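The lines below spell out each chain.
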Amino acid sequence: MDKERELQEELVWNAGYRMKESLRMIKICIDQLTEEQVWQKPNETTNSIANLILHLCGNITQYGIASIQGLEDERKRDEEFSTESGYTKTELIQKLEDTISDAKRAFYDAPLNELLRKRNVQGFNFSGVGNIIHVTEHLSYHTGQIALYTKLLNNQDLGFYSGVNLNVKNE
């Protein structure tokens, strides 16, 4: 295997791992909430967890799938935030799982020149690698918001790393 392909696979594997971890954490949060709580907004300037999930699906599709695969950008960003119902917790998680899976496949299947090519997305100029980094960090960012809101609603630890010793030192 050539070094370029090896580097691409390493990048894609690590981005995929981080995305899978975010999805795992979001599922833990959703499991602890009622159908009503996922649509509840803390105040007028914040989004519900359901809106954040719809937003993540739109963003991941725009940056991670359509842009990298050269597909038409059909995102309707404002609807991600204005939607007030229409999805159950199960449907939201399934939509996010499917979107993440499609993005990971797009990352893996992209030829190296597509990962290096610059393109405009939402007015920003990124390479395919830049899009992968954006998708990964954006998902992580909103995962933290979902976790915080879940903690505020339930006043309990989420147990993301139950049974894992996070104090182990680097070797």
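Remember, it's a predicted structure, so these values are computed and weren't measured experimentally.

(A) Up close: the overall build of the chain. Per the secondary structure count, the chain includes 7 helices and 2 strands. Counted from the first residue to the last, the chain has its helices and strands arranged as α-α-α-α-α-α-β-β-α. Taken against the 2.2 N^0.38 rule, which gives 16 Å for 171 residues, the C-alpha radius of gyration of the chain at 17 Å falls within 12% of a compact globule. Taking all 171 residues of the chain together, 42% fall into the buried category. Taking the intrachain contacts of the chain between residues at least 6 apart in sequence as the baseline, contacts between residues at least 24 apart amount to 76%. For the chain, the accessible area works out to roughly 10200 Å², and carbon and sulfur atoms hold 49% of it. For the chain, the distance from the average position of its 19 positive side-chain charges to the average position of its 26 negative side-chain charges is 4 Å.

(B) Structural context of unusual backbone geometry. Unlike most non-glycine residues, Gln-122 shows phi in positive territory, near 55°. Relative to the helices and strands, Gln-122 is located in the loop between strand E1 (118–121) and strand E2 (124–127). In this structure Gln-122 comes out as partly exposed when scored by relative accessible area, which is 36%. Its identity as a non-glycine residue notwithstanding, Asn-155 has a phi of 50°, on the positive side. For Asn-155, a relative accessible area of 72% gives the class exposed.

(C) Looking closely at the nonpolar core. With 39 residues, the main nonpolar core has Ile-26, Ile-53, Ile-60, Leu-96 and Phe-107 as its most contacted residues. Broken down by element, the residue count for this core peaks at 11 residues, all from helix H3 (residues 49–69). Those residues in contact with Leu-96 that sit more than four places away from it in its chain are Leu-23, Ile-26, Ile-53, Leu-56, Cys-57 and Ile-60.

(D) Molecular detail of a nonpolar patch on the surface. A cluster of nonpolar side chains, Tyr-161, Val-164 and Leu-166, forms an exposed patch at the surface whose accessible area comes to about 300 Å². Examined against the element boundaries, Val-164 turns out to sit in the segment after helix H7 (128–154).

(E) The layout of surface pockets, seen in detail. In this structure, the largest pocket occupies an estimated 390 Å³ of space. Lining the largest pocket we find 18 residues, and of these Gly-58, Arg-75, Lys-76, Glu-80 and Lys-95 sit closest to its centre. Mapped onto the lining of the largest pocket, the elements with two or more residues apiece are H3, helix H4 (77–82) and helix H5 (89–109). Take the lining of the largest pocket: its biggest share by element is 6 residues, from H3. Tallied by class, residues from the lining of the largest pocket come to 5 nonpolar, 5 polar and 8 charged. When its volume is computed, the second largest pocket comes out at roughly 200 Å³.

(F) Layout of the pattern of salt bridges. Evaluation of the coordinates by the stated rule reveals 8 salt bridges. A salt bridge links Arg-5 to Glu-9; the shortest N-O distance between them is 3.3 Å. Of this pair, Arg-5 and Glu-9 both sit in helix H1 (residues 3–31), 4 residues apart, which is roughly one turn of the helix. Residue Glu-80 pairs with Arg-75 through a salt bridge whose shortest N-O separation is 2.7 Å. Salt bridges here are not isolated pairs; linked through shared partners, they connect Glu-114, Arg-117 and Arg-119.

(G) Region of the structure containing the packing of aromatic side chains. All told, the structure shown has 3 aromatic pairs when counted by the stated rule. Relative to Phe-126, the ring of Tyr-63 lies with its centre 6.2 Å away and its plane at 55°, an arrangement referred to as tilted. Taken together, the positions of Tyr-63 in helix H3 and Phe-126 in strand E2 put the pair 63 residues apart, joining distant regions of the chain. A relative accessible area of 26% places Phe-126 in the partly exposed class. Its end group placed over the ring of Tyr-108, Arg-5 keeps NZ or CZ at 4.5 Å from the ring centre.

Reading the values: rules and limits
- Residues numbered from 1 in each chain as written.
- Predicted model: local features only at pLDDT ≥ 70, side-chain atom pairs only at ≥ 80, totals over all residues.
- Heavy atoms only, no water.
- Helix = DSSP H or I, 4+ residues; strand = E, 2+ residues; numbered from the N terminus.
- Rg over C-alpha atoms; globule rule 2.2 N^0.38 Å.
- Buried < 20%, exposed > 50% of the residue type's maximum accessible area, 1.4 Å probe, protein only.
- Contact = heavy atoms within 4.5 Å.
- Areas by Shrake-Rupley, 256 points an atom, 1.4 Å probe, with all protein chains shown as cover.
- Lys, Arg positive; Asp, Glu negative; His and termini not counted.
- Charge placed at Lys NZ, Arg CZ, Asp CG, Glu CD.
- Core = buried A, V, L, I, M, F, W, Y, C linked by side-chain atoms within 4.5 Å.
- Patch = residues over 30% accessible without salt bridge, like charges linked within 9 Å, V, L, I, M, F, W, Y side chains within 5 Å.
- Salt bridge = Lys/Arg side-chain N within 4 Å of Asp/Glu carboxyl O.
- 1 Å grid on protein atoms, 1.4 Å probe; cavity = no way out; pocket = protein on both sides within 12 Å on 5 of 7 lines; lining within 4 Å.
- Points joined across faces, edges and corners; volume = space filled by probe spheres on them.
- Nonpolar A, V, L, I, M, F, W, Y, C, P; charged D, E, K, R; others polar.
- Phe/Tyr/Trp six-rings, centres within 6.5 Å; stacked < 30°, edge-to-face > 60°.
- Lys NZ or Arg CZ within 6 Å of the ring centre and 35° of its normal.

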